[in-house]
Amino acid sequence: QVQLVESGGGMVQAGDSLRLSCAASGRTFSSYSMGWFRQVPGKEREFVAAIVWSSGTTHYADSVKGRFTISRDNAKKMVYLEMNSLKSEDTAVYYCASSPGGILYYYNSYSYWGQGTQVTVSS
């Protein structure tokens, strides 16, 4: 079992920045990739960003390119999402997830999920 715990969510004003963290514990594999998704009530879960753990290669949704940055800390086994220039439409519950491989834009590629952290952006 792999446990993922998100933290760092909160309420901010439009234009502000926020950093989300995801800590992994249990049986983890450095060959896995890590991703961030977000979801608004009544809408589908949306891909935000992903990182290939071993190489550091990153991928981003078009809606967050240039504003969000995903990164990792190898020693601490953590992944981060730096969110800049936040907009009201970024308001959602943000989830981190772990994938053994596949197309990282699709949530079915991920095996383990955290329970989410709420991000609210006031305009």
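The coordinates are above.
Reading the values: rules and limits
- Residues numbered from 1 in each chain as written.
- Predicted model: local features only at pLDDT ≥ 70, side-chain atom pairs only at ≥ 80, totals over all residues.
- Heavy atoms only, no water.
- Pairing = 2+ DSSP bridges.
- Helix = DSSP H or I, 4+ residues; strand = E, 2+ residues; numbered from the N terminus.
- Axes fitted to C-alpha atoms, helices over the stretch in contact; angles between N-to-C directions.
- Buried < 20%, exposed > 50% of the residue type's maximum accessible area, 1.4 Å probe, protein only.
- Core = buried A, V, L, I, M, F, W, Y, C linked by side-chain atoms within 4.5 Å.
- Lys, Arg positive; Asp, Glu negative; His and termini not counted.
- Salt bridge = Lys/Arg side-chain N within 4 Å of Asp/Glu carboxyl O.
- Polar contact = N/O pair within 3.5 Å; in protein donor to acceptor, adjacent residues only side chain to side chain.
- Contact = heavy atoms within 4.5 Å.

Asks: Report on the sheet that holds strand S7 (residues 68-73), specifying residues and quantitative values.
Replies: Neighbouring strands of a sheet are bound in pairs by backbone hydrogen bonds; such pairs are parallel or else antiparallel. Pairing is antiparallel across the open sheet formed by 4 strands, whose spatial order is S1-S3-S8-S7. Edge positions in the sheet fall to strand S1 (2-7) and S7, since each has one partner strand and no second. Mean inter-strand twist for the sheet, computed between neighbouring axes without regard to direction, equals 15 degrees. The sheet contact formed by S1 and strand S3 (residues 18-26) spans 6 bridges and is antiparallel. Bridge pairing links valine 2 to glycine 26 in S3.

Asks: Can you break down the pairing of strand S5 (residues 46-52) residue by residue, with the values?
Replies: Here S5 lies mainly inside the structure; 5 of its 7 residues are buried. Pairing of strand S4 (residues 33-39) with S5 involves 6 bridges; the strand directions are antiparallel. Looking across to S5, one finds that methionine 34 is bridged to isoleucine 51. Counted between consecutive antiparallel strands, the loop separating S5 from strand S6 (residues 58-60) contains 5 residues, among which glycine 56 sits at a positive phi close to 85 degrees.

Asks: Describe the nonpolar core, with residues and values.
Replies: Counting 32 residues, the largest nonpolar core has Trp36, Leu81 and Tyr94 as its most contacted members. Only S1, S3, S4, S5, S7, strand S8 (78-83), strand S9 (92-99) and strand S11 (117-122) provide two or more residues apiece to this core. With 5 residues, S5 is the largest single contributor of residues to this core.

Asks: Lay out the side chain of glutamate 6 with the relevant residues and their values.
Replies: Tracing the sequence through the fold places glutamate 6 in strand S1. Buried and unpaired, glutamate 6 has arginine 45 as its nearest opposite-charge partner, separated by 8.9 Å. A polar contact is formed between the side chain of glutamate 6 and the backbone nitrogen of glutamine 115, at a distance of 3.1 Å. The contact partners of glutamate 6, leaving out residues within four places of it in the chain, are Ser21, Cys22, Trp36, Tyr94, Tyr95, Cys96, Gly114, Gln115, Gly116 and Thr117.

Asks: Give me the lowdown on the environment of arginine 72, citing residues and values where you can.
Replies: Looking at the element boundaries, arginine 72 is found in strand S7. Along the backbone, arginine 72 and glycine 56 are 16 residues apart, and their C-alpha atoms lie at a distance of 7.5 Å. Apart from the residues within four sequence positions on either side, arginine 72 is in contact with Ile51, Trp53, Ser54, Ser55, Gly56, Met78 and Val79. A distance of 3.1 Å separates a polar atom in the side chain of arginine 72 from a polar atom in the side chain of asparagine 74.

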